[in-house]
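# What the coordinates show
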Amino acid sequence: TRTPVNVTVTGAAGQIGYALLFRIASGHLLGADVPVNLRLLEIPQGLKAAEGTAMELDDCAFPLLRGIEITDNADKAFDGANVALLVGARPRTKGMERGDLLAANGGIFKPQGKAINDHAADDIRVLVVGNPANTNALIAQAAAPDVPAERFTAMTRLDHNRAISQLAAKTGAAVSDIKRLTIWGNHSATQYPDIFHAEIAGKNAAEVVNDQAWLADEFIPTVAKRGAAIIEARGASSAASAANAAIDHIHTWVNGTAEGDWTSMGIPSDGSYGVPEGLISSFPVVCKDGKYEIVQGLDINEFSRTRIDASVAELSEERDAVRELGLI
Ligand code: NAX
């Protein structure tokens, strides 16, 4: 029998947390044969609700769930953590300036990065979901100098999945026929979903679509603004789809991408594709043996170049801003 994997979830009492925890406990995060211990980190006001969720988790009698600990202490929550899903964040409220937003999140992600640095297991893998996800991941990573930088990642898998779904709807293809889609840049309105290297049942997706106006005026904005459209329709932000994407992200990282396919992850740049080193930007990646590698050698056309550069410029500005605030 395998040793349980310690999975820490922050913001566990929130709506993504509620959609996430049951799937982790039922084996969807790591595999149907991997037992898990859950560590739930909340702020004091969230502890009672987290306890309620833990009662429900108990009531599922999940065979793979070996334990649940609930705490408002980051050092305890990350002690021995193998996987950390950083979901809890400070949302942007009306009239809030970007500097205030970054400062408030720095107050969350800097100490959590330090707690990960000091207490997590050697094989820790971190996924930041809480927005602004890429820059929050950068703040946590900078606060964890003893952890290899590549263990800090940000979630663009929801954007990736949204793009696949939109492309399938447009072409009538099955989602399972769509491969090699890429989200580049920031998880924000500037993100760039790239279909020029994507394949639909083995054919080049851009050629199958053959409609530049749809690409520029419908596909890209629909994917980028999907979060706002969900809020408008549901009266609440994406939760189950975000949780599903977080599960996908970690599952793919640990268990690998399918042969001939790749996925999108926000990861520290090594300078590939002109993205300044150290920025946490989304790239096409192949995962194998628990590691990821940026897909190299893709030909970037002018349409793509402009959009990648714009999103990366935004990431650079966010990095400058958190530097000025002393958060990295
Ligand atoms: P909720 O407001 O429902 O839940 C957030 C939870 O985090 C709350 O229970 C709160 O008490 C807790 N929390 C706040 N500060 C904390 C801290 N310092 N330590 C531990 N817990 C803390 O938000 P929810 O809808 O679950 O969304 C969570 C985050 O995901 C938001 O930042 C949201 O913007 C972000 N999203 C990111 C997405 C992505 O694709 N990267 C998509 C979905 C989502 O919008």
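Within an unreviewed UniProt entry, the label attached to the protein chain reads Malate dehydrogenase, and the organism entered is Streptomyces bambusae.

## A closer look at the environment of E318
With respect to the helices, strands and loops of the structure, E318 is situated in helix α11 (residues 302-324). Placed 281 residues apart in sequence, E318 and N37 show a C-alpha to C-alpha distance of 35 Å. A distance of 2.4 Å separates polar atoms of two side chains, one belonging to E318 and the other to T135.

## Quick word on the UniProt feature "binding site: NAD(+)" (unreviewed entry) in the protein chain
Residues given the UniProt feature "binding site: NAD(+)" (unreviewed entry) here are G11, A12, A13, G14, Q15, I16, G17, N105, Q112, V129, G130 and N131. The annotated residues named above include G11, G14, Q15, I16, V129, G130 and N131 as those lining the largest pocket. Tracing the chain through its elements places G17 in helix α1 (residues 15-25). Residues contacting G17, with those up to four places away along its chain left out, are G11 and A12. Along the chain, the position of N105 falls in helix α4 (residues 98-119). The class for N105 is buried, based on a relative accessible area of 0%.

## Observations regarding helix α10 (residues 240-255)
Counted at 1.5 Å a residue, the expected span for α10 with its 16 residues is 22 Å, and the 22 Å between its end C-alpha atoms agrees. Buried within α10 are the following residues: A242, A243, A245, A246, I247, H249, I250, T252 and W253.

## Let's talk about the layout of surface pockets
Approximately 1100 Å³ is the volume found for the largest pocket. What lines the largest pocket is a set of 38 residues, and nearest its centre among them are V129, G130, N131, H187 and S237. Contributions of two or more residues to the lining of the largest pocket are made by α1, α4, α6 (157-171), α9 (226-234) and α11. Taken together, the residues of the lining of the largest pocket break down into 16 nonpolar, 13 polar and nine charged. Considered as a void within the structure, the second largest pocket measures approximately 300 Å³ in volume. Lining the second largest pocket are 14 residues, and of these E42, I43, G88, I108 and Q112 sit closest to its centre. Broken down by element, the lining of the second largest pocket gets its largest block of residues, four residues, from α4. Split by residue class, the lining of the second largest pocket holds seven nonpolar, five polar and two charged.

## Some points on the side chain of N6
Here N6 is to be found in strand β1 (residues 5-10). If sequence neighbours within four positions are ignored, N6 has contacts with N37, R39, G80, A81, N82 and V83.

Parameters and conventions
- Residues numbered from 1 in each chain as written.
- Predicted model: local features only at pLDDT ≥ 70, side-chain atom pairs only at ≥ 80, totals over all residues.
- Heavy atoms only, no water.
- Helix = DSSP H or I, 4+ residues; strand = E, 2+ residues; numbered from the N terminus.
- Polar contact = N/O pair within 3.5 Å; in protein donor to acceptor, adjacent residues only side chain to side chain.
- UniProt positions renumbered as here; feature names shortened; annotations may be inferred.
- 1 Å grid on protein atoms, 1.4 Å probe; cavity = no way out; pocket = protein on both sides within 12 Å on 5 of 7 lines; lining within 4 Å.
- Contact = heavy atoms within 4.5 Å.
- Buried < 20%, exposed > 50% of the residue type's maximum accessible area, 1.4 Å probe, protein only.
- Expected span 1.5 Å × (residues − 1).
- Points joined across faces, edges and corners; volume = space filled by probe spheres on them.
- Nonpolar A, V, L, I, M, F, W, Y, C, P; charged D, E, K, R; others polar.

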